[in-house]
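# Report on the structure
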Amino acid sequence: CMVLNPISQKKFIGGAGIVASHASSLGAKTYLFSVVGKDENTIFVKNELKKNKVNSFLYKDTIRPTTLKQRFKVENNSKIKISYLSQEPISNDIQKKIINKLKVVLKNTDLLIFSDFNYGCLPQQLVNKILKIAKENNVLITADSQSSSQIGDIARFKGVNMITPTEREARVSVKNETDGLVILGKKLQQISKSENIILTLGSEGLLIFSLLKNKESKIDKLPALNNNPKDISGSGDSLLVISSLFLALNSNIWEAS
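In what follows, the accompanying structure is described.

Reading the values: the criteria
Along every chain, residues carry numbers that run from 1 in the direction the sequence is written. This being a predicted model, a pLDDT of at least 70 is required before a residue's local features are given, and a value of 80 or more before pairs of side-chain atoms are given or counted; all residues contribute to the totals for chains, interfaces and linings. For the side-chain quantities, the full set of heavy atoms in the structure was used; hydrogens and water were omitted. Only DSSP runs of H or I with at least four residues qualify as helices, and only runs of E with at least two residues qualify as strands; both kinds are numbered from the N terminus onward. The quantity called the radius of gyration is restricted to C-alpha atoms. Its globule counterpart is 2.2 Å times the number of residues to the power 0.38. The rule is simple: take the accessible area with a 1.4 Å probe, protein chains only, and divide by the maximum for that residue type; under 20% is buried, over 50% is exposed, in between is partly exposed. Residue contacts are defined here by distance: any two heavy atoms, one from each residue, within 4.5 Å place the two residues in contact. Charge counting treats Lys and Arg as positive and Asp and Glu as negative, with His and both chain ends excluded. By convention, the charge on Lys lies at NZ, on Arg at CZ, on Asp at CG and on Glu at CD. Basic side-chain nitrogens of Lys or Arg form a salt bridge, by our definition, when they fall within 4 Å of a carboxyl oxygen of Asp or Glu. Each patch is built from salt-bridge-free residues with over 30% relative accessible area, joining like charges within 9 Å and nonpolar side chains (Val, Leu, Ile, Met, Phe, Trp, Tyr) within 5 Å. Under the convention used here, a 1.4 Å probe and the Shrake-Rupley method define accessible areas, while residue burial counts only the protein chains that appear. Stacked, tilted and edge-to-face are the three classes assigned to paired rings of Phe, Tyr and Trp, where Trp is represented by its six-membered ring and a pair needs centres within 6.5 Å; plane angles under 30 degrees give stacked, over 60 edge-to-face, the rest tilted. Here, strands pair whenever DSSP counts at least two bridges between them. Note on geometry: axes are lines fitted to C-alpha atoms, helical ones only across the stretch in contact, with angles between N-to-C directions running from 0 to 180 degrees. To qualify as a nonpolar core, a set must consist of buried Ala, Val, Leu, Ile, Met, Phe, Trp, Tyr and Cys residues joined through side-chain atoms within 4.5 Å. The definition of a right-handed crossover adopted here requires that, viewed with the strands pointing away, the path from the first strand over the helix to the second runs clockwise.

### Comments concerning the overall build of the protein
Scanning the protein from N- to C-terminus turns up 8 helices and 10 strands. In terms of overall dimensions, the protein is globule-like: its C-alpha atoms have a radius of gyration of 18 Å, near the 18 Å expected for 257 residues. The 257 residues of the protein split such that 43% are buried. The contacts in the protein between residues at least 6 apart in sequence include a share of 59% that link residues at least 24 apart. Each charge sign in the protein was given a centre, from 36 positive and 23 negative side chains, and these centres are 6 Å apart.

### Notes on the pattern of salt bridges
For the structure shown, the criterion picks out 7 salt bridges. Across the pair Asp116 and Arg156 runs a salt bridge, and its minimum N-O distance is 2.9 Å. Here Asp116, found in strand S5 (residues 111-116), pairs with Arg156, found in the loop between strand S6 (140-145) and strand S7 (162-163); they are 40 residues apart in sequence, far enough to count as distant. Arg156 carries the same exposure label as Asp116, and that label is buried. Residue Glu167 pairs with Arg171 through a salt bridge whose shortest N-O separation is 3.0 Å. With a gap of 4 residues between them, Glu167 and Arg171 both fall in helix H5 (residues 167-174), about one helical turn apart.

### Points about the environment of Leu225
Mapped onto the elements of the fold, Leu225 is located in the loop between strand S10 (217-222) and helix H7 (235-248). For Leu225, a relative accessible area of 87% translates into the label exposed. Each C-alpha atom, one on Leu225 and one on Gly205, is 7.5 Å from the other, the two residues being 20 residues apart in sequence.

### What about a nonpolar patch on the surface?
A surface patch of nonpolar side chains, amounting to about 270 Å² of accessible area, comprises Leu26, Ile242 and Phe246. For Ile242, the position within the fold is in helix H7. Residue Ile242 is classed as partly exposed on the basis of its relative accessible area of 39%.

### A closer look at the packing of aromatic side chains
Applying the stated criterion across every chain, the model contains 3 aromatic pairs. With a centroid separation of 6.2 Å and an interplanar angle of 10°, the aromatic rings of Tyr31 and Phe57 are classed as stacked. Taken as a pair, Tyr31 in strand S1 (residues 30-36) and Phe57 in strand S2 (residues 54-60) lie far apart in primary sequence, 26 residues in all. Centroid distance Phe114 to Phe157: 4.8 Å. Interplanar angle 40°. Geometry classified as tilted. Here the residue Phe114 occupies a position in strand S5, and Phe157 occupies one in the loop between S6 and S7, the gap between them amounting to 43 residues. Here Phe114 matches Phe157 in class, with each residue buried.

### Observations regarding unusual backbone geometry
Glycine aside, a negative phi is what most residues show, and trans is what most peptide bonds show. At Asn138, a residue that is not glycine, the phi angle is positive and equals roughly 55°. Mapped onto the elements of the fold, Asn138 is located in the loop between helix H4 (124-136) and S6. Classification of Asn138 as exposed rests on a relative accessible area of 71%. Its identity is not glycine, yet Lys175 carries a phi of approximately 60°, on the positive side. For Lys175, the position within the fold is in the loop between H5 and helix H6 (181-192).

### Considering the sheet that holds S10
Strands sit in the order S5-S6-S7-S8-S9-S10 across an open sheet of 6 strands; the sheet is mixed. Two strands close off the open sheet at either side, each with one partner strand: S5 and S10. Against the sheet, H6 contacts S7, strand S8 (196-200), strand S9 (206-211) and S10, and its axis sits at roughly 40° relative to S9.

### Notes on the nonpolar core
Of all hydrophobic cores here, the largest spans 37 residues; its most connected members are Ile98, Phe114, Ile130 and Leu188. With 6 residues, the top contributor of residues to this core is H4. Apart from the residues lying within four places of it in its own chain, the contact partners of Ile98 are Phe33, Tyr59, Ile90 and Leu126. Listed in part, the 15 residues of the second largest apolar core include Val19, Met162, Ile208 and Ile253.

### Quick look at the pairing of S5
Buried residues dominate S5, accounting for 5 of its 6 residues. Sheet topology note: the S5/S6 ladder contains 6 bridges and is parallel. The residue of S6 that forms the bridge with Ser115 is Asp144. For the handedness criterion, the β-α-β arrangement of S5, H4 and S6 is classed as right-handed.

That is the geometry; function is a separate question.
In structure tokens:
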């Protein structure tokens, strides 16, 4: 039996909520679309988003709790992880509500970020409809799909302006465990039809794949800017937001990276 004696605790917003909060803190007028349960964590989420100046559209789903993750850490290393969540796809009714509101919001939007944690909020049919509306309104689109404790597919966000997978997420999507990183990135670009890919490599930095007009990939590597990070949790979310905002400001992928 394991005996734990926590000396401190902190509760904070995560998931797509922290992505939206980062965008808002950097000066963007931000809207968050997500689902929550009917519980006390919903109140916490709403209060935090309001504090962070995020306009939120949170749809209550009676079949799920508000996603809550507990991490027990020793010297910044997670020793135990407990997650309270549902991975059931949201209902058609909630999907319709999201689409109807997004149709209005996307008419005056510069950037759409998919922050997908694969817990049922973004069924493929909903993703396809949102992509169609965003492209009709000439909205710049970026996406990230987490595959840490769950399995996602970053390539399902077809034809977007940028995706930011980890090496593992790229390999899961391409179903390829053996090829080198350059071949891996090129294959993911072919499948996803994404204009730009930032392949994150942890302490090794990142690889950038950018499609040129002749459909060839231009590839570059950036080293990690911090060789001794205290805690890397959420660094991918920060990269996603900041690089996306730079692209929306007409920077090129190299400047954004």
